[in-house]
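# Architecture and fold: a report
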Amino acid sequence: MTVRLYDTQARALRDFVPVDPARVTMYVCGPTVQSGPHIGHVRAALSFDLLRRWLEYRFGAVTFVRNVTDIDDKVLDNATEREPWWALAYRMEQEFSRAYAAVGIRPPTYEPRATGSIPQMIELIERLIEAGHAYAAGETAPGDVYFDVRSWPAYGELTRQSIDAMESAADADPRGKRDPRDFALWKGVKDGEPDDAAWSSPWGRGRPGWHIECSAMSRRYLGAEFDIHGGGLDLRFPHHENELAQSRAAGDAFARYWVHNGLVTVGDQKMSKSLGNFLLADDVLRTHDPLVVRYALAAAHYRSSLDITASSFEEAAAALDRIRSFQQRVTRVRGADAKLVAADLPAAFAAALDDDLGVPQALAVVHETVRAGNSALDAGDEIAAAAAAVQVGRMTGLLGLNPDDPQWQAAEGGATQALDALVQTMVTQRARAREEKDWATADRIRDAIAAAGIALEDGPEGTHWSLNDG
């Protein structure tokens, strides 16, 4: 078994070898909680939820850290007199947590807030100043501290850029910088900013810059060297480039692999709050089954861009219905015995996920197994069908996509149960009418069920209903 991941820094697939063979360590940049999540945020978190699940299967344990940026210019800008920045940040953090949980994204091992690691950030900045890689701005920008990009010859190694080709860092007053590309490690308090948004430091009261937050938190929770640093493609520069530079300049080995997920697009344009072209996660989850949303966001390769349309959810719903219908069909034939059949995880499924988390290829194996299982049922081979059902359950379970999982049953709630009761009553009435050769009544019931968008399947094991794909 060899897991391979695409490493952004190497620009190549690399065999994944963790520092500790029995425990993978992973840090992923979480949300800046100035407002609620859009579907792109959910897709990003889901990408690393899928990676985490597979690495747990292969290596046994994963320590997974996803931070919350709760102090930032954007958070301060969106705060109001009625809702201070810390209250806004907490409320938005809860919205992200609810959206993640709705689609089955498991909570991280640790989820630190930036404001909880201020001492570690100050200590890291002091190390950089002592090593000659950072400087205090002085009177030109009181309280500000910057990273000196020209002091670190490897700066630009993640995105393979030369310093002279880079744009200026627009994160602080440029008057205090030696080079316009130098970026802020600490920001002195400014007029008009709330008193409780500043902390004491050797350079005066202020708050951390964005980049130093993740370097300090990843070191605090995972150590000076860890396996995977993840995030969206849009974070490669300047955020991850700056993280890498400041951590290495401070003497830390930092991340061994850089893994980036593709973005959700709308008409080939990145979905973002600044462009106003986003789909709020709450709106999507209000109008679609959460399992359908998870499938739609997981079905594309994590590194590819994903253009979300109405058909994305329709196709996901149809795919899940094929899986669910097969599982229900086997259960009707075999009952509880269906889950007692021994069946190995298909080698092609494992190979797909070992190869840079190839979820599309893995899902193709799932659906091929569903087709083979249905064919076995048609041929009367119940043992082969039950084995296929066990395999489908294991594969979809590893991806968090098993319709039989209790979390999705609970998500469907009483509405599905009520619909099932109504349809089953009508199916029973139709069966009675057919037994009595009352064909007009049987046809009328069938037509009423069809008009409601429900398909009936008559078979040796009885009549099964499902919602039409459309």
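The model shown is predicted, which means the values in this text are computed figures rather than measured ones.

Conventions adopted
Residues numbered from 1 in each chain as written. Predicted model: local features only at pLDDT ≥ 70, side-chain atom pairs only at ≥ 80, totals over all residues. Heavy atoms only, no water. Helix = DSSP H or I, 4+ residues; strand = E, 2+ residues; numbered from the N terminus. Buried < 20%, exposed > 50% of the residue type's maximum accessible area, 1.4 Å probe, protein only. Contact = heavy atoms within 4.5 Å. Pairing = 2+ DSSP bridges. Axes fitted to C-alpha atoms, helices over the stretch in contact; angles between N-to-C directions. Parallel < 35°, antiparallel > 145°, perpendicular 65-115°, else oblique. Nonpolar A, V, L, I, M, F, W, Y, C, P; charged D, E, K, R; others polar. Expected span 1.5 Å × (residues − 1). Arc of directions from axis to C-beta. Phe/Tyr/Trp six-rings, centres within 6.5 Å; stacked < 30°, edge-to-face > 60°. Lys NZ or Arg CZ within 6 Å of the ring centre and 35° of its normal. Core = buried A, V, L, I, M, F, W, Y, C linked by side-chain atoms within 4.5 Å. Salt bridge = Lys/Arg side-chain N within 4 Å of Asp/Glu carboxyl O.

## Focus: the overall build of the chain
Across its full length, the chain carries 14 helices and 15 strands. Reported as C-alpha extents along the three principal axes, the dimensions of the chain are approximately 95 × 50 × 35 Å. Counting only residues that meet the buried cut, the chain has 51% of its 470 residues in that class. Sequence separation of 24 or more characterises 75% of the internal contacts of the chain that already satisfy a separation of 6 or more.

## A short note on the pairing of strand β2 (residues 12-15)
Alignment of strand β1 (residues 4-7) against β2, held across 4 bridges, turns out to be antiparallel. If you follow tyrosine 6 over to β2, its bridge partner there is leucine 13. The turn linking β1 back onto β2 is made up of 4 residues, and arginine 11 within it adopts a positive phi angle of 55°.

## A few points about the sheet that holds strand β4 (residues 62-66)
Each strand in a sheet pairs with its neighbour through backbone hydrogen bonds, running either in the same direction (parallel) or in the opposite one (antiparallel). Taken together, the 4 strands give an open sheet; going across it, the order is β4-β3-β9-β10, and neighbouring strands pair in parallel fashion. If you trace the sheet from one side to the other, it starts and ends with β4 and β10 (254-261), each paired once. Here the average twist between neighbouring strands, direction ignored, is 25°. With respect to the sheet, helix α6 (residues 236-249) is in contact with β9 (225-232) and β10, its orientation differing from that of β10 by roughly 175°.

## Observations concerning unusual backbone geometry
Geometrically, the link from phenylalanine 237 to proline 238 is a cis peptide bond, its omega value of 5° lying close to zero. Residue position: proline 238 is located in helix α6. Within the chain, arginine 160 stands out as a residue other than glycine whose phi angle is a positive 55°. Assignment of secondary structure puts arginine 160 in the loop between β6 (145-147) and β7 (183-188). With a phi close to 50°, leucine 357 is a non-glycine residue in the positive phi region. Inspection of the secondary structure puts leucine 357 in the loop between α10 (347-354) and α11 (359-378). For leucine 357, a relative accessible area of 3% corresponds to the buried category.

## Quick word on the packing of helix α4 (residues 118-130) against helix α5 (residues 210-222)
Interaxial distance between α4 and α5 falls to 9 Å at its minimum, and their mutual angle equals 105°. The orientation of α4 with respect to α5, classified from their angle, is roughly perpendicular. Across from Gln120, Met121, Leu124, Ile125, Arg127 and Leu128 in α4, the residues of α5 making contact are Ile212, Glu213, Ser215, Ala216, Arg219 and Arg220. Among the residues making up the contact of α4 with α5, the classes are represented as 6 nonpolar, 2 polar and 4 charged.

## Considering helix α1 (residues 39-59)
Look at α1: 30 Å from first C-alpha to last across 21 residues, which is about the 30 Å you get at 1.5 Å a residue. Most of α1 sits out of view: 16 of its 21 residues are buried. Downstream of α1 by one or two residues, glycine 60 has phi in the positive range, about 100°.

## Regarding helix α3 (residues 85-102)
Since there are 3.6 residues in each turn of an α-helix, residues three or four apart along the chain are aligned in direction. End to end, α3 covers 26 Å across 18 residues, agreeing with the expected 26 Å (1.5 Å per residue, within 8%). Buried within α3 we find Trp85, Leu88, Ala89, Met92, Glu93, Glu95, Phe96, Ala99 and Tyr100. Angular distribution of buried residues about the axis of α3 spans 160°; they occupy a single face of the element. One or two positions beyond α3, positive phi appears at glycine 104, with a value near 80°.

## Regarding the packing of aromatic side chains
The final tally for this structure, using the stated rule, is 14 aromatic pairs. On the basis of an interplanar angle of 80° and a centroid distance of 5.3 Å, the ring pair of phenylalanine 226 and phenylalanine 254 is categorised as edge-to-face. Placement of phenylalanine 226 in strand β9 and of phenylalanine 254 in strand β10 is noted, with a sequence separation of 28 residues between them. Here phenylalanine 226 and phenylalanine 254 have matching classes, each one buried. Among the aromatic residues, those joined into a cluster by ring pairs are Tyr27, Phe226, Phe254 and Trp258. It is arginine 178 that lies over the ring of tyrosine 135; its NZ or CZ is 4.0 Å from the centre. One cation-aromatic arrangement involves arginine 303 over tyrosine 6; the distance from NZ or CZ to the ring centre is 4.2 Å.

## What about the nonpolar core?
Ile228 and Phe349 are the most contacted members of the largest nonpolar core, which has 123 residues in total. With 10 residues, α1 is the largest single contributor of residues to this core. Isoleucine 228 has contacts with Leu5, Phe16, Val24, Thr25, Met26, Tyr27, Leu51, Leu55, Tyr257 and Val259, leaving out every residue within four places of it along the chain.

## Observations regarding the pattern of salt bridges
Counted according to the given criterion, the structure contains 34 salt bridges. The shortest N-O distance in the salt bridge between arginine 294 and aspartate 49 comes to 2.8 Å. One end of the pair, arginine 294, is in helix α8 (residues 290-298); the other, aspartate 49, is in helix α1, and 245 residues separate them in sequence. Comparing arginine 294 with aspartate 49, the two get one shared label, buried. Measuring nitrogen to oxygen at the nearest pair gives 3.5 Å for the salt bridge that ties arginine 52 to glutamate 56. With arginine 52 and glutamate 56 both in helix α1 and 4 residues apart, the pair spans about one turn of that helix. We classify glutamate 56 as partly exposed; its relative accessible area is 21%. Each of Asp73, Lys187, Glu193 and Arg207 takes part in a single network of salt bridges with overlapping partners.

## Some remarks on the sheet that holds strand β8 (residues 206-208)
Spatial ordering of the open sheet is given by β5-β6-β7-β8, a layout of 4 strands whose pairing is antiparallel. Strands at the two margins of the open sheet, each flanked by one partner only, are β5 (134-136) and β8. Taking each pair of neighbouring strands and ignoring which way they run, the sheet shows an average axis angle of 20°. Set on the sheet, α4 makes contact with β5, β6, β7 and β8; between it and β7 the angle comes to about 120°.

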